[in-house]
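Structure assessment
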Amino acid sequence: MVGGSPGMSRVRSYPTVDAEEQALAPEGSVRGLDRVLQLQEVDLSIDRLTARLRELEGGEELRSIRAALGQAEARLGELRLAMDSLGREQRRLEGDIDSMERKIQAERRRMLDGSVANPKELQAIEAEVRNLEARKSHAEDLVLEQMERGEQLHGRLGPLEAEEAEARQRLANLEEGSARELVELERALGERRAERTALVQAFDPDLLELYEDLRRQKKGIGAAALVDGVCQACHQKLSPMYIDRLKRVEGVRRCEYCRRILVF
Ligand SMILES: [Zn+2]
C-alpha cells in the first residue's frame with residue numbers, strides 16, 4: 001500500500017472519459033443525464049431552505065431580542081424599586097417633620113401660657129425648641145435633596161419604558177414572523193422534496209451515486225453546465241482537445257479540472 005491510491009477515496013476515481021463512459025453507460029446512454037441540472041437546481045433549493053430552517057429553529061435572532069428585553073425589564077425594575085424606596089423615605093421624613101413641628105408649637109405654647117414659671121425649666125424648653133428646629137431644618141434639606149433625586153429618576157423612567165415597550169414589540173413581531181416563515185419554509189421544503197423524489201426515479205443509480213458523492217465533496221455542486229467551453233462550477237476554460245474528446249462521449253462527461261458532471 002506504499003503511496004496509496006486514488007481509488008481509496010470515497011468517490012470512485014474516473015481517470016478517463018472513456019472509463020466513465022464504460023462504467024456508467026455501456027450502451028452509450030445514461031438515464032437522467034438530461035435532467036441532472038434540474039436535479040442540481042432542486043437540491044440547491046433544498047439546501048438553502050434547510051439552512052434557513054435550521055437558522056430559525058436555532059433561534060439566534062429570538063435569543064438576542066429576548067436578552068435585550070430581559071435587560072430592559074431588569075433596568076426598569078431597578079428604577080421602579082429605587083423610586084419606591086425614595087418615596088417611602090420621603091414620606092417618613094415628612095411625617096417626622098410634621099411631628100417635630102407639632103412638638104415645637106406645643107413647647108412654644110407651654111413657654112407662653114404661663115404654665116411653666118421656673119426659669120431653668122423655661123430655658124430647658126427653649127433649648128429643646130432650638131434643638132427641634134435644627135433637626136427639622138436638617139430633615140427639610142433631606143426632603144429637598146430627595147425631591148431632586150426623585151426628579152432625576154423620574155426623567156429616566158419614560159425612555160426606559162419606551163425601550164422596554166419597543167423590545168417587547170420587536171419580540172412579538174419576530175415571533176409572529178418566524179412562525180409564518182416556518183410554515184412557509186416547511187411547505188416549500190415538502191414541495192421541493194417531492195419534486196426530487198419524482199425526479200430521481202428517472203436516474204441511473206450509478207449516475208445518482210456519482211452526483212451525490214460529488215455534491216458531498218464539492219460544496220453541494222455535483223453537476224454544472226458547460227458554457228462557451230467554461231465549466232460553470234469551477235469557471236475554468238476547458239482545453240479544445242479535451243472538449244473534442246468529450247463531444248465523442250455519449251455518457252457522463254466530467255470537467256477536466258473539478259471533475260464535476262458537465263452538461264453541454
Ligand atoms: Zn469544473
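Residues numbered from 1 in each chain as written. Predicted model: local features only at pLDDT ≥ 70, side-chain atom pairs only at ≥ 80, totals over all residues.

So, on to unusual backbone geometry. Even without being a glycine, Asp-228 presents a positive backbone phi close to 55°. With a phi angle near 70°, Arg-259 is a residue other than glycine that sits in the positive phi range. In this fold, Arg-259 is placed in the loop between strand E3 (253-254) and strand E4 (261-263). (Helix = DSSP H or I, 4+ residues; strand = E, 2+ residues; numbered from the N terminus.)

Bringing the packing of helix H2 (residues 36-58) against helix H4 (residues 119-200) into the picture now. One can describe the packing of H2 onto H4 by two numbers: an axis separation of 9 Å at closest approach and a directional angle of 155°. Taken as axis vectors, H2 and H4 run roughly antiparallel relative to one another. Of the two elements, H2 crosses H4, and the hand of that crossing is left-handed. Contact with H2, carried on its side by Gln-38, Leu-39, Val-42, Asp-43, Ser-45, Ile-46, Leu-49, Thr-50, Arg-52, Leu-53 and Leu-56, involves Ser-178, Glu-181, Leu-182, Leu-185, Ala-188, Leu-189, Arg-192, Arg-193, Glu-195, Arg-196, Leu-199 and Val-200 of H4 and no other residues of that element. Split by residue class, the contact of H2 with H4 holds 12 nonpolar, four polar and seven charged. (Axes fitted to C-alpha atoms, helices over the stretch in contact; angles between N-to-C directions. Parallel < 35°, antiparallel > 145°, perpendicular 65-115°, else oblique. Left-handed = near helix turned anticlockwise from the far one by under 90°. Contact = placed C-beta atoms within 7 Å. Nonpolar A, V, L, I, M, F, W, Y, C, P; charged D, E, K, R; others polar.)

The subject of this paragraph is the pairing of strand E1 (residues 223-227). With three bridges joining them, E1 and E4 adopt parallel strand pairing. Along E4, the bridge assignment pairs Ala-225 with Val-263. Linkage of E1 to strand E2 (residues 230-231), two consecutive antiparallel strands, is achieved through a turn of two residues, within which Asp-228 is found at a positive phi near 55°. (Pairing = 2+ DSSP bridges.)

This part is about the sheet that holds E3. Spatially, E2-E1-E4-E3 is the arrangement adopted by the four strands of the open sheet, whose pairing is mixed. Here the strands that pair on one side only, and so sit at the sheet edges, are E2 and E3. Strand direction decides the pairing type here: E1 and E2, joined by two bridges, are antiparallel. By the bridge assignment for E2, Val-227 is matched with Val-230.

What follows deals with H2. The end-to-end C-alpha distance of H2 is 32 Å, a good match for the 33 Å that 23 residues give at a rise of 1.5 Å each. Residues Val-36, Leu-39, Gln-40, Val-42, Asp-43 and Leu-49 constitute the buried set of H2. Buried-residue contacts for H2 involve H4, helix H5 (205-217), E1 and E4. Within two residues after H2, Gly-59 carries a phi angle of roughly 65°, on the positive side. (Expected span 1.5 Å × (residues − 1). Buried ≥ 20, exposed ≤ 12 C-beta atoms within 10 Å, placed from the backbone.)

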